[in-house]
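Next come the chains, spelled out residue by residue.
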Amino acid sequence: MSSTTLPRTPSSSGRLRSSFDKHWPAYAMVIPTVIVLGVLVFYPLVQGIFQSFTNLNEANQNAEICTKVLGGAETCRPNPNQAEFVGLDNYVAVLTGEVGRFWMQFANTIVWTVACVAFHYGLGLGLAVMLNRAFKGRSIYRVLLIVPWAVPAFVSAFAWRFLFDQRFGLINSSLEAVGLSPVAWFDQRWTSLFTAIVTNIWLGVPFMMVALLGGLQSIPGELYEAASIDGASPWQRFRNITLPGLRPVSSTVILLGTIWTFNMFPIIFFVTRGQPAGQTEILVTGAFKAAFEGIRNYSLAATYGVLILSMLIVFATVYKRALRAQGDVF
Amino acid sequence: MVHLSAEAQPLAVESARASTRQAPKPAPERSLGASVLLHTTLVIATFCALFPVVWVLLSSFKPAYAIRSSEISLFKDPTFENYTHVLFDTSFGYWFLNSVIVAVFTMVIGITMASTAGYALSRFNFPGKRGLMWVFLLTQMFPVAILIVPIYTIMANLGLINTKASLVIAYCTVAVPFCAWMMRGYFDTIPKELDEAAALDGLGPFGTFYRVILPLARPGIAVTAFYTFLTAWGEVAYAIAFLQTDRQLTLGAGLQQFVPQFNALWESLTAAAVMITIPAGFVFFFAQKHLVAGLTAGGTKG
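This report concerns the structure included in the present document.

What counts, and where the lines are drawn
Residues numbered from 1 in each chain as written. Chains lettered and ligands numbered in written order. Predicted model: local features only at pLDDT ≥ 70, side-chain atom pairs only at ≥ 80, totals over all residues. Helix = DSSP H or I, 4+ residues; strand = E, 2+ residues; numbered from the N terminus. Buried ≥ 20, exposed ≤ 12 C-beta atoms within 10 Å, placed from the backbone. Contact = placed C-beta atoms within 7 Å. Core = buried A, V, L, I, M, F, W, Y, C linked by C-beta atoms within 7 Å.

**Considering the overall build of chain A**
Turning to step 1, where the next piece is worked out: Within chain A one finds 14 helices and 2 strands.
Turning to step 2, where the next piece is worked out: Every one of the 330 residues in chain A was classed for burial, and the buried ones make up 40%.
Turning to step 3, where the next piece is worked out: Put simply, of all contacts in chain A between residues at least 6 apart along the chain, 66% involve residues at least 24 apart.

**Side note on the overall build of chain B**
Turning to step 1, where the next piece is worked out: Within chain B one finds 14 helices and 0 strands.
Turning to step 2, where the next piece is worked out: Seen in sequence order, chain B has helices and strands lined up from the N terminus as α-α-α-α-α-α-α-α-α-α-α-α-α-α.
Turning to step 3, where the next piece is worked out: Buried positions account for 48% of the 302 residues belonging to chain B.
Turning to step 4, where the next piece is worked out: The contacts of chain B with a sequence gap of at least 6 include a subset with a gap of at least 24, amounting to 80%.

**With respect to the interface of chain A and chain B**
A common measure of how large an interface is: the accessible area buried when the components associate.
Turning to step 1, where the next piece is worked out: Contacts between the two partners involve 95 residues from chain A, matched on the other side by 100 residues from chain B.
Turning to step 2, where the next piece is worked out: It is helix α2 (residues 19-51) of chain A that provides the largest number of residues to the side of chain A that touches chain B, a total of 17 residues.

**Here's the deal with unusual backbone geometry**
Turning to step 1, where the next piece is worked out: Of note, A277 of chain A is a non-glycine position whose phi angle comes to about 50°, a positive value.
Turning to step 2, where the next piece is worked out: Mapping A277 of chain A onto the fold places it in the loop between α12 (266-272) and α13 (283-292).
Turning to step 3, where the next piece is worked out: Given 9 C-beta atoms within 10 Å, A277 of chain A falls into the exposed group.
Turning to step 4, where the next piece is worked out: Non-glycine residue N162 of chain B carries a positive phi angle of around 70°.
Turning to step 5, where the next piece is worked out: Position of N162 of chain B relative to the elements: it lies in the loop between α7 (144-157) and α8 (164-188).
Turning to step 6, where the next piece is worked out: A tally of 14 C-beta atoms within 10 Å means that N162 of chain B is categorised as partly exposed.

**What about the environment of F53 of chain A?**
All names here are of chain A.
Turning to step 1, where the next piece is worked out: Looking at the element boundaries, F53 is found in the loop between α2 and β1 (64-68).
Turning to step 2, where the next piece is worked out: The exposure class of F53 is partly exposed, given the 19 C-beta atoms found within 10 Å.
Turning to step 3, where the next piece is worked out: Contact partners of F53, with chain neighbours within four places excluded, come to F85, V86 and G87.

**So, the nonpolar core**
Turning to step 1, where the next piece is worked out: If you look at the biggest cluster of nonpolar residues, it comprises 160 residues, and the most contacted ones within it are F158, L212 and A301 of chain A together with A145 and I148 of chain B.
Turning to step 2, where the next piece is worked out: Counting residues per element, this core draws most heavily on α8 of chain B, which supplies 17 residues.
Turning to step 3, where the next piece is worked out: For A145 of chain B, the residues in contact, after removing those within four places along its chain, are V284, A287, F288, A301, Y304, G305 and I308 of chain A.

**Focus on the environment of W160 of chain A**
All names here are of chain A.
Turning to step 1, where the next piece is worked out: Inspection of the secondary structure assignment puts W160 in helix α7 (residues 153-163).
Turning to step 2, where the next piece is worked out: Taking the number of C-beta atoms within 10 Å as the measure of exposure, W160 has 24 and is therefore buried.
Turning to step 3, where the next piece is worked out: Separated by 60 residues in the primary sequence, W160 and G100 have C-alpha atoms spaced 28 Å apart.

Function-wise, these values are silent; they only describe arrangement.
In structure tokens form, the structure reads like this:
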């Protein structure tokens, strides 16, 4: 980044231009992005919301059924069972548990998100505070500790699945080596979910650590010196200088971390695979499986999608309000 | 984060600068006990961070019978057999090449779109700007579950299912809003006076952007490049949904073939995992210093 400062010169030509002249370069620069977002995010979003009010699935998605006849020609006739508008039926079915297992997956998602974000933040903060001190070997620790971030998430998922493997995994072998009996991790709901949470904690701590370390380094050292002179204990310094100084960074990474964890797909998909019998599915993987496994139930997946998005929007709004109520700069 | 005020900005920029500084602040005198405790904790943490990676690496050199035993050994008849098997007897080579193509195209398109949009958001005040920034943030909340079916339908209508193009397009929708947000944060740290000087010298807005500001924003572009590359390299859900034939798969979609429900081929998986992680890790460590600064500068302001 440049620190060059050039003398400020008022440009009078800018003020004389017409409104169109003034804005067209800006529009030209944002238009490709706006088109892509419009076509590939908002149009699908609207379509997804619409689909959640229909009974669309693999069998009834086509308006016409075409059959090949001898000679290579095709005859088409209207699909008698074409997807139709069903109002709120999908939502009723999902929320009453008639179709799918929404509430169990919801409980899993909440446990998963709360556990992961709490450990990410707690461990990340602890490590960041330690790494923020001056001592020998600090930069080596810092580089080694972010290794998990460098591994693609699906590779980490397989690596941990390997470690937790019931017969040949390192973890069960170690348990046996110290005289404990091996655990059938994926045979029980909570031990299975535990393996996924451990994997995701391992994966996510480095991001929190580095982000919080950046935040810590922006707190002026003089504050700590002044507090020491006034006789503040380390705990008091942490409570009254470190935590308030980290507010802007903390509030952002916790919000982002919650959204990312809530929507985290590959870990559950590859580590637990929903074992045993779909009991460790979270909402996102449940929706994916509804849409692309077995008889593809597109409307069910769309209903899940709308419910997930609504929950996240409510969460983000409440979170923002709570911070503002505490007088934060948010 | 949705409505971050200007107060958060100096902090974020400052933190970006501070992270490149060496020792952050003079440490108070520490007792020997405290020092031992500090190092012990960090050594344990480092061990936890490294052992899965090291274990996979070590296992990738073991023959199949040594992996399929509950006996713990670091080395056992070291061999490259797993690597040659994965490279020459499976479709891994195709998957790898597909992933490289998808990741590079996503990166190039992502950088182009994100940097122009980010520049416009940083420098111009135009009607609709606030709304656009809001939209960028909102897209971060969209679960893959709601978009994947409609995007799948669009791709099917365009005849793009089972092609790399469908993945590049889908990944751009994920990466571009976030990257435009990050690039805007980065452009904000470049003094506006430069633009004004360039305008006085007769450069139009596009010339200013392309010839003056873009070269200065190289670290920001590096961050965007790495972010988009790694997003595409590690994505799974779209890849599994869109790709169908074996040779079209990317790494994220193909790797699960080594780990079927029963009789997982851990020896092949570990070797493949090492080969997938090397480029990603290389790219990552090259970028990580910038990445943090870019994330904090872009993420905490608006």
